[in-house]
Amino acid sequence: MKFNLNLSMAFIASAMVAVSACGGSGSSDSASSESTTAPPPAPVEEISLEEKYKDDPIFIKGSELMGQNDCPSCHMLERKIVGPSYADVAAKYESTDENVELLAGRVIAGSVGTWGEIPMPAHPTLSEEDAKDLAKFVLLLKK
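The notes below deal with the structure included here. (Residues numbered from 1 in each chain as written. Predicted model: local features only at pLDDT ≥ 70, side-chain atom pairs only at ≥ 80, totals over all residues. Heavy atoms only, no water.)

1. A closer look at the pattern of salt bridges
Part 1: According to the stated counting rule, one finds 4 salt bridges in the structure shown.
Part 2: Of the charged contacts, one joins Glu 51 and Lys 54 as a salt bridge, the two residues approaching to 3.0 Å between their closest N and O atoms.
Part 3: Classification of Glu 51 as partly exposed rests on a relative accessible area of 41%.
Part 4: Residue class for Lys 54 comes out partly exposed when judged on its relative accessible area of 42%.
Part 5: Its salt-bridge partner being Lys 61, residue Asp 133 comes within 2.8 Å of it at the nearest N-O pair. Of the two residues, Asp 133 sits in helix H7 (residues 128–140) while Lys 61 sits in helix H4 (residues 57–68), which places them 72 residues apart along the sequence. (Salt bridge = Lys/Arg side-chain N within 4 Å of Asp/Glu carboxyl O. Buried < 20%, exposed > 50% of the residue type's maximum accessible area, 1.4 Å probe, protein only. Helix = DSSP H or I, 4+ residues; strand = E, 2+ residues; numbered from the N terminus.)

So this is what it looks like as structure tokens:
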């Protein structure tokens, strides 16, 4: 009987050591290790281009011109539909006088091949000044 008691005590002691070595069942040690880890960083709040440039005079004028013409039929600020988004165009071209001239010319004359096989129709009734204002508006929209 003495042998069974010693064996039982040894078994219980080894079980206790194993449980405490593995972290137990929610002891205060695990709670303290959780409190020492840093919380995840807050996600960076992404601001829309519309919100970012809402007070910019180029953005305001360009938005008005876009609304007065058929631009929204094929283009959106940040999402491609038929043609590229304005943000994609701004990412491709630097805002230089040469690129304003280039893009204004493409708006007036039409274009095909730069963004795929779907042609952008010509806008021959649009004044050169308005086309340049539209190009400046688009080039403003870098993310």
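2. Details of the environment of Ala 131
Part 1: Locating Ala 131 in the fold gives a position in helix H7.
Part 2: Classification of Ala 131 by relative accessible area gives buried; the value is 0%.
Part 3: Put simply, Ala 131 and Gly 105 are 26 residues apart on the chain and 7.6 Å apart in space, counted from C-alpha to C-alpha.
Part 4: The residues touching Ala 131, leaving out its near neighbours within four places in the chain, are Ala 104, Ile 108 and Leu 126. (Contact = heavy atoms within 4.5 Å.)

3. With respect to H4
Part 1: Here H4 contains 12 residues, and its C-alpha end-to-end distance of 17 Å stays within 8% of the 16 Å for a straight helix at 1.5 Å per residue.
Part 2: Of the positions making up H4, those classed as buried are Phe 59, Gly 62, Leu 65 and Met 66. Looking straight down H4, one finds that the buried residues subtend no more than 130° of arc, so they occupy a single side. Turned more than 90 degrees off the buried face of H4, the exposed positions are Pro 57, Gly 67 and Gln 68.
Part 3: Looking at the buried positions of H4, the neighbouring elements they touch are helix H3 (49–53), helix H5 (86–92) and H7.
Part 4: Two to three positions downstream of the cap, the backbone nitrogen of Ile 58 sits 2.8 Å from a side-chain oxygen, assigning the N-cap of H4 to Asp 56. (Expected span 1.5 Å × (residues − 1). Arc of directions from axis to C-beta. Polar contact = N/O pair within 3.5 Å; in protein donor to acceptor, adjacent residues only side chain to side chain.)

4. Comments concerning the packing of aromatic side chains
For any pair of aromatic rings, the description rests on two quantities: the centre-to-centre distance and the angle between the ring planes.
Part 1: Summed over all chains, the structure comprises 3 aromatic pairs.
Part 2: Put simply, the rings of Tyr 53, Phe 59, Tyr 86 and Phe 137 pair up and form one aromatic cluster.
Part 3: Between Lys 92 and the ring centre of Trp 115, over which it is positioned, the NZ or CZ distance is 4.7 Å. (Phe/Tyr/Trp six-rings, centres within 6.5 Å; stacked < 30°, edge-to-face > 60°. Lys NZ or Arg CZ within 6 Å of the ring centre and 35° of its normal.)

5. Topic: the environment of Ser 95
Part 1: Mapped onto the elements, Ser 95 comes out in the loop between H5 and helix H6 (97–109).
Part 2: When the C-alpha positions of Ser 95 and Leu 139 are compared, they lie 5.4 Å apart, and in sequence the two are 44 residues distant.

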